Amino acid sequence: MSSAGRPAAGDDDELERLRAEVRDLRARARVYPLISQAQGMLQERYGLADAESAFALMQRASQRHNVKLRALAETLVTVGRPDAGQQLWFPRRVRQPPPELTFTTAHRESGSRGAVLKAVLGHTLTVTGTSMGNVQLADRARGGLRMEEHTGLTARFVDFFAHVGEDGTSCAQAARDVSQVTVRDVESAPVFTEPARLAILEAGSRACHSVPLTTASGLCVGMVSAHMDRPLTGLTTAQLKALDSLGGQAGRWLAWHDRTVVLDALEYLHALGRTARGARLRRS
């Protein structure tokens, strides 16, 4: 402690290190139950020697198809199990070409979901003229929305909004109504709970705009939000139209990715599991 009673620089560093450690532990705690559930299902389904072998199976499929382990586990625990003795997990699946995106070439260059989500966020910030924002995806295992990409926001903001339920935030309202939501002044907007309002204000956001990412059938599969450092009078018609187009294109691409790339990864996992029955596998 300094002579003036203020924390010394070293104390500040230690405090931030401890905060980062807590955030990391919270992130692990959010993912661990899902991964553990998937491991148990795989161990039973393929007669694997232990949970480590099940994790290795998921890891190989994740790396082979460039699908995040969490996304793979989420789909695994929410889709029906393959028929006993069935070579293919999804034998009647019809493959479709990926939908085109006009705001980026990331889907053609890398094909990864992360690259597309970064492009969704970048284009949204360009349209709205700000440098703060985040992308969330619908959490099929828990419900609500989970944070996937962000920029310009504080670590506390990212930790606080790592998972958002069905009310208490503007993004939750946008997901529920499947429509764009503008918050012109965070400080006075009734949509927020007080803890959420405080976390947003502490991040330097004074206004925000949320855009649902929607499928062709109108299902909300994600959300992109822009945060501004001063209150808004509103967005222009041209901005709203551009963001509506972005939300529709991104939502259709995400739906295609889930039913094509992620299911390809599960098919690969199923083939590995059938051949590894009773074996002991190790992660790479």
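Here, the structure is the one placed above.
Just so you know, the residues in each chain are numbered from 1, in the order the chain's sequence is written. With pLDDT at 70 or above as the cut-off, local features in this predicted model cover only qualifying residues; side-chain atom pairs require 80 or more to be listed or tallied, and sums for whole chains, interfaces and linings still use all residues. Heavy atoms from the whole structure form the basis of all side-chain values; hydrogens and water molecules are not counted.

**Q** Tell me about the environment of Ser225, residues and numbers included.
**A** Each helix corresponds to a stretch of at least 4 residues labelled H or I by DSSP, and each strand to a stretch of at least 2 residues labelled E; elements are numbered beginning at the N terminus. Among the secondary structure elements, Ser225 is positioned in strand E6 (residues 220-228). The classification of residues rests on relative accessible area computed with a 1.4 Å probe and restricted to protein chains. Under 20% of the type maximum is buried, over 50% is exposed, and intermediate values are partly exposed. By relative accessible area, which is 4% here, Ser225 ends up buried. Sequence separation of Ser225 and Gln136 is 89 residues, and the distance between their C-alpha atoms is 8.4 Å. Residue contacts for Ser225: discarding those within four places in its chain leaves Leu121, Met132, Gly133, Asn134, Gln136, Cys171, His209 and Ser210. A 3.5 Å cut-off defines polar contacts: any pair of N or O atoms within that distance qualifies, except that in protein one atom must be a possible hydrogen donor and the other a possible acceptor, and neighbouring residues in sequence count only when both atoms are side-chain atoms. Among the polar contacts listed, one links the side chain of Ser225 to the side chain of Ser210, at a separation of 2.8 Å. Contacts are assigned to residue pairs that have any heavy atoms within 4.5 Å of one another.

**Q** Any details on the state of the cysteines? Residues and values, ideally.
**A** Each disulfide consists of a covalent bond between the sulfur atoms of two cysteine residues. By disulfide we mean two sulfur atoms from cysteines, separated by a distance within 2.5 Å. Applying the stated criterion across every chain yields a total of zero disulfides. Cys208 carries a free sulfur, and the closest cysteine sulfur to it, the one in Cys171, is 8.2 Å from it. This cysteine, Cys220, is not joined by any disulfide, and Cys171 carries the nearest cysteine sulfur, 9.7 Å off.

**Q** Please provide a residue-by-residue account of the packing of helix H5 (residues 113-128) against helix H9 (residues 237-275), values included.
**A** Packed helices, taken two at a time, are described by the angle between their axes plus the distance between the axes. Inter-axis angles, ranging from 0 to 180 degrees, are taken between N-to-C directions of lines fitted to C-alpha atoms, where helices are fitted over the stretch in contact. Contact pair H5 / H9: the axes reach a minimum separation of 10 Å and the direction vectors enclose 175 degrees. The pairing of H5 with H9 is recorded here as roughly antiparallel in orientation. Residues Arg113, Val116, Leu117, Val120, His123, Thr124, Val127 and Thr128 of H5 form the contact with H9, whose own contacting residues are Gln239, Ala242, Leu243, Leu246, Ala250, Trp253, Leu254, His257 and Asp258. When the residues that make up the contact of H5 with H9 are grouped by side-chain class, the tally is 10 nonpolar, five polar and two charged. Here is the rule for angles: anything less than 35 degrees is roughly parallel, anything more than 145 is roughly antiparallel, 65 through 115 is roughly perpendicular, and the remaining ranges are oblique. Residues are grouped as follows: nonpolar covers Ala, Val, Leu, Ile, Met, Phe, Trp, Tyr, Cys and Pro; charged covers Asp, Glu, Lys and Arg; every other residue, Gly included, is treated as polar.

**Q** Go over the packing of helix H3 (residues 69-78) against H9, please, and point to the residues and values.
**A** In the contact formed by H3 and H9, the axes pass within 10 Å of each other and the chain directions differ by 80 degrees. On the basis of their axis angle, the class for H3 and H9 is roughly perpendicular. Every residue of H9 that contacts H3 at Ala71, Leu72, Thr75 and Leu76 is listed here: Val262, Leu263, Ala265, Leu266 and Leu269. Here the contact of H3 with H9 is built from residues that sort into eight nonpolar, one polar and no charged.

**Q** Just give me the short version of the side chain of Thr130, but keep the residues and values in it.
**A** Tracing the backbone through its elements, the reader meets Thr130 in the loop between H5 and strand E1 (132-138). At a separation of 2.5 Å, a polar atom in the side chain of Thr130 contacts the main-chain carbonyl oxygen of His227.

**Q** Go over unusual backbone geometry with me, naming the residues and quoting the values.
**A** Positive phi values are uncommon outside glycine, yet Asn66 reaches one of about 55 degrees. You can see Asn66 is positioned in the loop between helix H2 (51-65) and H3. The backbone phi angle of Val178 is positive, close to 50 degrees, even though this residue is not glycine. Structurally, Val178 can be placed in the loop between helix H7 (170-177) and strand E4 (181-183).

**Q** Which residues make up the pattern of salt bridges, and what values go with them?
**A** One side-chain nitrogen of Lys or Arg within 4 Å of one carboxyl oxygen of Asp or Glu is enough to make a salt bridge. One pass over the structure, following the stated rule, counts 19 salt bridges. Between Arg95 and Asp264 there is a salt bridge; the shortest N-O distance is 2.6 Å. In this pair, Arg95 is assigned in the loop between H3 and helix H4 (106-109) and Asp264 in helix H9, connecting sequence segments 169 residues apart. With its nearest N and O atoms 2.9 Å apart, the salt bridge here joins Glu194 to Arg197. Pair noted here: Glu194 and Arg197 are both in helix H8 (residues 194-202), with a separation of three residues, about one helical turn. Overall, Arg197 belongs to the buried group, its relative accessible area being 9%. Residues joined in a network through salt bridges with shared partners are Lys68, Arg70, Glu74, Arg113, Asp139, Arg140, Arg146 and Glu148.

**Q** Any details on the pairing of strand E5 (residues 207-214)? Residues and values, ideally.
**A** In terms of burial, E5 is largely enclosed, as eight of its eight residues are buried. Residues Ala207, His209, Val211 and Leu213 point to one face of E5 and Cys208, Ser210, Pro212 and Thr214 to the other, with burial holding for every one of them. When DSSP finds at least two bridges between two strands, those strands are taken to pair. Inspection of the sheet shows E5 paired to E6 by eight bridges, in the antiparallel sense. What sits directly across from Thr214, in E6, is Cys220. Hairpin remark: E5 followed by E6, antiparallel, with five residues in the connecting loop; positive phi at Gly218, about 90 degrees.

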